[in-house]
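Examination of the molecular architecture
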Amino acid sequence: MSIGTFTIRALDPLKDAELLHRWVTDPKAAFWMMQDAKLQDVEREYMRIAAHEHHHAFLGLHDGEPAFLMESYDPRYVELVGLYEPEPGDVGMHFLVAPTDRPIHGFTKAVITAVMDELFADPRTCRVVVEPDVGNKAVHALNEAVGFVPVREIDKPEKRALLSFCTREDFLAARGVAV
């Protein structure tokens, strides 16, 4: 069964802020730590990301409709500075699936797969790095399903995180593609 078509576009911090505000303040987005954010807080955060040379935000569309948020970052300059030894070709990633009243079985795995496809479409990307909250067991399972290997727990200023890596080869193997 096909879940549909995914496309990804650059996020417009002002145009998309209202939509993002609904997503990041939803109870299911607790691990984004923006539960009490005001619309202006979301606008300000995504304006900051838009202006950052090493951090980028994208809106993911499912059959043309907004369905997820994706962020990529260079861990040498953002999020993980001093917390691990980055390698050439490392790209950090965050993603958030929009809350829905009508969940589609397999949708979140399809989203993370689309995100990883997008990141690995850049030939310079050798490894994707994630640092989800240690308590976010659902994301740990999704990450492992697309090839992430947990490395160790790290202490970030805002959380205890599980540092995990996924090489291009690990991602292809998880999808059953011969490497």
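Here's a quick rundown of the structure. Just so it is clear, the model here is predicted, and its values are computed rather than measured.

What counts, and at which threshold
- Per-chain numbering applies: the sequence of each chain, read as written, is numbered from 1 onward.
- For a predicted model such as this one, the threshold for reporting local features is a pLDDT of at least 70, and the threshold for listing and counting side-chain atom pairs is 80 or more; totals across whole chains, interfaces and linings nevertheless cover every residue.
- Side-chain measures here rest on the full set of heavy atoms in the structure, leaving out hydrogens and waters.
- Helical segments are the DSSP runs of H or I of at least four residues, strand segments are the runs of E of at least two, and each set is numbered from the N terminus.
- The quantity called the radius of gyration is restricted to C-alpha atoms. Its globule counterpart is 2.2 Å times the number of residues to the power 0.38.
- Three labels apply to residues, based on accessible area from a 1.4 Å probe with only protein chains included: buried if under 20% of the type maximum, exposed if over 50%, partly exposed otherwise in between.
- Pairs of residues are marked as contacts when any of their non-hydrogen atoms sit within 4.5 Å.
- Accessible areas in this description were obtained via Shrake-Rupley with a 1.4 Å probe; residue shielding takes into account the shown protein chains only.
- In a helix, the anticipated span is given by 1.5 Å times the number of residues less one.
- In plain words, nonpolar cores are sets of buried Ala, Val, Leu, Ile, Met, Phe, Trp, Tyr and Cys residues tied together by side-chain atoms within 4.5 Å.
- When a carboxyl oxygen of Asp or Glu lies within 4 Å of a side-chain nitrogen of Lys or Arg, that pair is called a salt bridge.
- Note on definitions: angles span 0 to 180 degrees between N-to-C directions of axes, and those axes are lines fitted to C-alpha atoms, for helices only across the stretch in contact.
- When describing relative orientation, an angle under 35 degrees is termed roughly parallel and one over 145 degrees roughly antiparallel, while 65 to 115 degrees is termed roughly perpendicular and anything else oblique.
- Put simply, a crossing is left-handed when the front helix is turned counterclockwise from the back one by less than a right angle, and right-handed when it is turned clockwise.
- In the scheme used here, Gly and all other residues not listed as nonpolar or charged are polar, with Ala, Val, Leu, Ile, Met, Phe, Trp, Tyr, Cys and Pro taken as nonpolar and Asp, Glu, Lys and Arg as charged.
- Here a strand pair is declared whenever DSSP counts at least two bridges between the two strands.

Some points on the overall build of the chain
Of the regular secondary structure elements, the chain holds five helices and seven strands. The order of α-helices and β-strands along the chain, N terminus first, is β-α-α-β-β-β-α-β-α-β-β-α. Since a compact globule built from 179 residues should have a radius of gyration of about 16 Å, the 16 Å found for the chain is in line with a globular shape. Residues counted as buried form 45% of the 179 residues belonging to the chain. In the chain, the share of contacts with a sequence separation of at least 24, taken over all contacts with a separation of at least 6, comes to 59%. With the model as given, the accessible surface of the chain reaches about 9700 Å², and the carbon-plus-sulfur share is 54%.

What to know about helix 3 (residues 107-120)
Counting along an α-helix, one turn takes 3.6 residues, and residues three or four places apart therefore face a common direction. An ideal rise of 1.5 Å per residue puts 20 Å on 14 residues; helix 3 measures up with 20 Å between its terminal C-alpha atoms. In terms of burial, helix 3 is largely enclosed, as ten of its 14 residues are buried. If you check which residues of helix 3 are buried, you get Phe-107, Ala-110, Val-111, Ile-112, Thr-113, Ala-114, Val-115, Met-116, Leu-119 and Phe-120.

So, the nonpolar core
Within the largest apolar cluster, 21 residues are counted, with the highest numbers of intra-cluster contacts made by Met-93, Phe-95, Val-115, Met-116, Leu-119 and Phe-148. For this core, the secondary structure elements donating two or more residues are strand 3 (65-73), strand 4 (90-97), helix 3 and strand 5 (127-130). Here this core gets seven residues from one element, more than from any other, and that element is helix 3. With residues near it in sequence (within four places) discarded, Met-93 still touches Glu-71, Tyr-73, Ile-112, Val-115, Met-116, Leu-119, Val-128, Val-129, Val-130, Glu-131 and Phe-148. Ranked by size, the runner-up nonpolar core spans 18 residues in total, among them Leu-11, Leu-20, Ile-49 and Leu-69.

A word on the pattern of salt bridges
Tallied over the entire structure, the rule returns 14 salt bridges. Of the charged contacts, one joins Arg-160 and Asp-155 as a salt bridge, the two residues approaching to 2.6 Å between their closest N and O atoms. You can call Arg-160 partly exposed: its relative accessible area is 36%. Judged by relative accessible area, Asp-155 falls into the exposed class, the value being 51%. Here Lys-156 makes a salt bridge to Glu-158, at a shortest N to O gap of 2.9 Å. On the accessibility criterion, Glu-158 (37% relative accessible area) is partly exposed. Linked through salt bridges whose partners overlap, the residues forming this network are Glu-79, Glu-131, Lys-156, Glu-158 and Lys-159.

Considering the packing of helix 3 against helix 4 (residues 137-145)
Viewed as axis vectors pointing N to C, helix 3 and helix 4 meet at an angle of 55°, and their least axial separation amounts to 10 Å. On the basis of the axis angle, helix 3 is oblique to helix 4. Like other packed secondary-structure pairs, helix 3 and helix 4 cross with a definite hand, here right-handed. Residue-level contacts link Thr-108, Lys-109 and Ile-112 of helix 3 to Leu-142, Asn-143 and Ala-145 of helix 4. In the contact of helix 3 with helix 4, the residues fall into three nonpolar, two polar and one charged.

Let's talk about the pairing of strand 6 (residues 149-155)
Where strand 6 and strand 7 (residues 160-167) come together, six bridges link them in antiparallel fashion. Directly across from Val-149, in strand 7, lies its bridge partner Phe-165. The hairpin turn running from strand 6 into strand 7, its antiparallel successor, is four residues long.

A word on the pairing of strand 7
Counting buried residues along strand 7, six of its eight residues qualify, which places the element largely inside the surrounding structure. Looking at chain direction, strand 5 and strand 7 are connected through four bridges and run antiparallel. Across the sheet, residue Val-130 finds its bridge partner in strand 7, namely Ser-164.

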